[in-house]
Amino acid sequence: MNKRKKKYSIRKILVAAAIFAAIVFLIFLALNPTPKGKNINRFSVPVLTKAEKGALRRYNNDYHLEVAQKKGLEKPLDSKDDYKANPKEFGSRYQLDEIADNKYYEIPHLSNSLPYLQAPAKEFLELLGERFCDQLEDLGIKKYRFSVTSILRTLKDQRSLRKSNVNATANSSSHYYGRTFDIAQTRFFERGNSKPVYTYRLRNILLRELIKLQDEGKCYVLLERQTKCIHVTVR
C-alpha cells in the first residue's frame, strides 16, 4: 500500500512538473512570438526607378542645412564636454530627446555624434519606423529594424569625421541642430535577432517610405553616393 501511495505521489509530481513546464513554454511563446512573414531574401523587391533616384537627390545639403538652422538648436555645440559633465541633464538643458534602441531601429555605438534629437525629429523617426514595418507587413515580409548611424554632432565631432567621411562638410552641417540623422543604407536587423542583414531590398522599401514622407512635406532625404547612408532632415 505504501509503495502504491509512493508511486502515486511520484506520478502526481511528474504530472505537475509537466504542466508547469508547458505553462512556462506557452508564456515564453506569448512573449517571444515567432516572426510572421517571409524572409527578405525570399522576396523580390523592384529596383529604384529613375524618378525615385531623382527624388532622393532632389534636395542637396543646402536644403537640409537651411531647415535645420531655422528650426533646430540656436547654435552648434563645441564638443561633448557638456554631455560628459552631466549626461542626465543634457537633454533637458538643450530641449533634446534621447534616442535609444526600440522595435523600429537600432542605435549602434556612436563615435562621432550623440543620440539626441529635438522632439519633432524623434517623433518623425518613430513614424518612419512604424510606416516601414506596416509596409513590410502588407508585403508579407518579416519585421526588420533599420540602423541609425549618426545623429547630433558637435563641432569637434565634425572635424574628426572630416578625416574619414568625404561627405562631412568642412564648416556647416545640418547634424549640428538636432533635426538630422543618418540611416545605414543596407544594414538591417530581423526583430529578435542581433545578427545584421545586409540587403538592398529592405533599403528600397525604406527609401520608398521616405520618398512618400518627403512628398508629404515632412522631411528632406538625400541618398549619399560615397558613403552608404541615407541623410534625413526633419522639416
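Given the structure is predicted, the values throughout are model-derived calculations rather than measurements.

Caption draft 1: Fine view of the nonpolar core. Ile-40, Phe-124, Phe-146, Phe-181, Leu-206, Leu-210 and Ile-230 are the most contacted members of the largest nonpolar core, which totals 41 residues. Those residues within four positions of Phe-124 in sequence are excluded, and the remaining contacts are Phe-181, Leu-210, Leu-213, Lys-218, Cys-219, Val-232 and Val-234. Counting 12 residues, the second largest nonpolar core, distinct from the first, contains Leu-77, Tyr-94, Leu-96 and Leu-114.

Caption draft 2: The arrangement of helix α8 (residues 200-215) in detail. Its 16 residues give α8 an end-to-end C-alpha distance of 22 Å, which sits within 8% of 22 Å, the value for a rise of 1.5 Å per residue. Within α8, 12 of the 16 residues are buried, which leaves it mostly tucked inside the rest of the structure. For α8, the set of buried residues is Leu-202, Arg-203, Asn-204, Ile-205, Leu-206, Leu-207, Arg-208, Glu-209, Leu-210, Ile-211, Leu-213 and Gln-214. Contacts made by the buried residues of α8 are with α2 (50-55), α6 (119-139), β4 (144-150), β5 (180-190), β7 (219-223) and β8 (229-234). Where α8 starts, the residue carrying a side-chain oxygen 3.0 Å from the main-chain nitrogen of Arg-201 turns out to be Thr-199. Gly-217 lies just past α8 and shows a positive phi near 80°.

Parameters at a glance
- Residues numbered from 1 in each chain as written.
- Predicted model: local features only at pLDDT ≥ 70, side-chain atom pairs only at ≥ 80, totals over all residues.
- Heavy atoms only, no water.
- Core = buried A, V, L, I, M, F, W, Y, C linked by side-chain atoms within 4.5 Å.
- Buried < 20%, exposed > 50% of the residue type's maximum accessible area, 1.4 Å probe, protein only.
- Contact = heavy atoms within 4.5 Å.
- Helix = DSSP H or I, 4+ residues; strand = E, 2+ residues; numbered from the N terminus.
- Expected span 1.5 Å × (residues − 1).
- Polar contact = N/O pair within 3.5 Å; in protein donor to acceptor, adjacent residues only side chain to side chain.

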